[in-house]
Amino acid sequence: MIPLHQPVVEPYPEIMNINNVLAELALRAGFIDEFNVEMNKVIGFSSDDPNKLQPGKKYAWEEVVDKKCKFYTSGKYGLEWFKKNHILVRPVAIEEAYDIHFNMKAKKLRYPVPYMEVVKRSGDELNRNLAEKGIDWWPTDEYTALPVYFPPILEEAPKDHDFYVVNCRVASTSWGANVGLPWVNEISSQLKGVGDVLMNTATARKRGIKDGDEIWIESVTGKIKQTVRLCQGIRPDCLLISGQFGQWGIARGQRDKTCFNLHAFTDQHCLDR
């Protein structure tokens, strides 16, 4: 699958596509030829392909994408065709669908399964390092070369702990930096459940819990009080706490947010309103 991204609205005149910025910098810095060579490699143009970028010329990004469309459709369809028709579907050969397998076969490489030597080797190295530091609380019995069943630690939780607390990544707070925290926090505050606890709607109804109520989440490690948000898209026996609100910078701007890492383990949990 080759996706094409199209702008939703026309950008302001002074805003440039990042690829056009890079091409302009390459031209001004005097290495536009080398830039085009690297672009040809990234796209996959062969040395004799008529669509490849030529030396001495700066290409607009739409022109590059047009060449890429023609390259992948054997010259039949360009960017304008995809703008009007949106999608092109064709049968895929087995060699294309499983290209990794055929490449490994051609290079006479074997899959690291079922015997995963690297896992065992990592476990042996970890054991030596732990013993050297006098650490005896880190279990290493799961570092095995062959698949072995281990009962989940959740089965060890007391029976009155009747919820699993799970964690998720929040897109708006991913790959950020301290300088961007003000607007990251503003965006996050508009996303339902971010920084709160998400609970299945039917489960909450059985317990008399309404959206926006405050509940206690209690585990063998402690308890916290937090606002609950109701959601259909979560298992009835699970609570969801979004992650990344334990970092110092984000926590400063989100004092009212729940931190999964600081307040709860991933194993034994229960709910007590």
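This text follows the structure it describes.
Bear in mind that the values here come from a model prediction, so they are computed numbers and not experimental data.

Thresholds, definitions, all that
Residues numbered from 1 in each chain as written. Predicted model: local features only at pLDDT ≥ 70, side-chain atom pairs only at ≥ 80, totals over all residues. Heavy atoms only, no water. Helix = DSSP H or I, 4+ residues; strand = E, 2+ residues; numbered from the N terminus. Buried < 20%, exposed > 50% of the residue type's maximum accessible area, 1.4 Å probe, protein only. Polar contact = N/O pair within 3.5 Å; in protein donor to acceptor, adjacent residues only side chain to side chain. Salt bridge = Lys/Arg side-chain N within 4 Å of Asp/Glu carboxyl O. Pairing = 2+ DSSP bridges. Contact = heavy atoms within 4.5 Å. Phe/Tyr/Trp six-rings, centres within 6.5 Å; stacked < 30°, edge-to-face > 60°. Core = buried A, V, L, I, M, F, W, Y, C linked by side-chain atoms within 4.5 Å.

1. Comments concerning the side chain of Asp213
By the element assignment, Asp213 lies in the loop between α9 (201–206) and β3 (214–219). The exposure class assigned to Asp213 is buried, which follows from its relative accessible area of 16%. In terms of polar contacts, Asp213 uses its side chain to reach the backbone amide nitrogen of Lys210, at 2.8 Å.

2. Observations concerning the pattern of salt bridges
With the rule as written, the count across this model stands at 15 salt bridges. The closest approach of N and O atoms between Asp124 and Lys120, which form a salt bridge, is 3.0 Å. Highlighted residues: Asp124 and Lys120, both in helix α7 (residues 117–133), separated by four residues, approximately one helical turn. When its relative accessible area of 32% is taken as the criterion, Asp124 is described as partly exposed. The exposure class assigned to Lys120 is partly exposed, which follows from its relative accessible area of 35%.

3. Describing the pairing of strand β4 (residues 222–231)
Direction of pairing for strand β2 (residues 197–200) relative to β4: parallel, over a ladder of four bridges. Looking across to β4, one finds that Asn200 is bridged to Cys231. Bridging between β3 and β4 involves six bridges; their strand directions are antiparallel. When the bridges of β4 are listed, Ser219 appears paired with Gly222. With antiparallel pairing between neighbouring strands as the criterion, β3 and β4 make up a hairpin whose turn holds two residues.

4. As for the environment of Arg229
Position of Arg229 relative to the elements: it lies in strand β4. Separated by 25 residues in sequence, Arg229 and Ala204 place their C-alpha atoms 9.5 Å apart. Every residue in contact with Arg229, bar those within four places of it in the chain, is listed here: Lys192, Gly193, Asp196, Val197, Leu198, Met199, Asp211 and Gly212. Among the polar contacts made by the side chain of Arg229, one reaches the side chain of Asp196 at a distance of 3.4 Å. Among the polar contacts made by the side chain of Arg229, one reaches the side chain of Asp211 at a distance of 3.0 Å.

5. Thoughts on the packing of aromatic side chains
Think of a pair of aromatic rings as described by two things: how far the centres are apart, and how the planes are tilted against each other in angle. This structure, assessed with the given rule, holds five aromatic pairs. Considering the side-chain rings of Phe45 and Phe71, the 5.0 Å spacing of their centres and the 90 degrees angle between planes classify their relative orientation as edge-to-face. With a gap of 26 residues between them, Phe45 in the loop between α2 (32–43) and α3 (61–72) and Phe71 in helix α3 connect regions that are remote in the sequence. When the ring of Trp137 is compared with that of Trp138, the centres are 6.1 Å apart and the planes differ by 20 degrees; the resulting orientation is stacked. Relative accessible area serves as the criterion here: at 64%, Trp137 is assigned to the exposed category. One aromatic cluster is present, formed by Phe45, Phe71 and Tyr72 through successive ring pairs.

6. With respect to the nonpolar core
Soluble, globular proteins show a tendency: their nonpolar side chains are buried together. Residues Met199, Ile209, Ile215, Ile217, Val228 and Leu239 are the most contacted members of the largest nonpolar core, which totals 13 residues. Mapped by element, the contributors of at least two residues to this core are β2, β3, β4 and β5 (238–242). Looking at this core, the element that brings in the most residues is β4, giving three residues. Counting residues in each nonpolar core, the second largest holds ten residues, with Ile32, Phe35, Met39 and Leu53 among its members.

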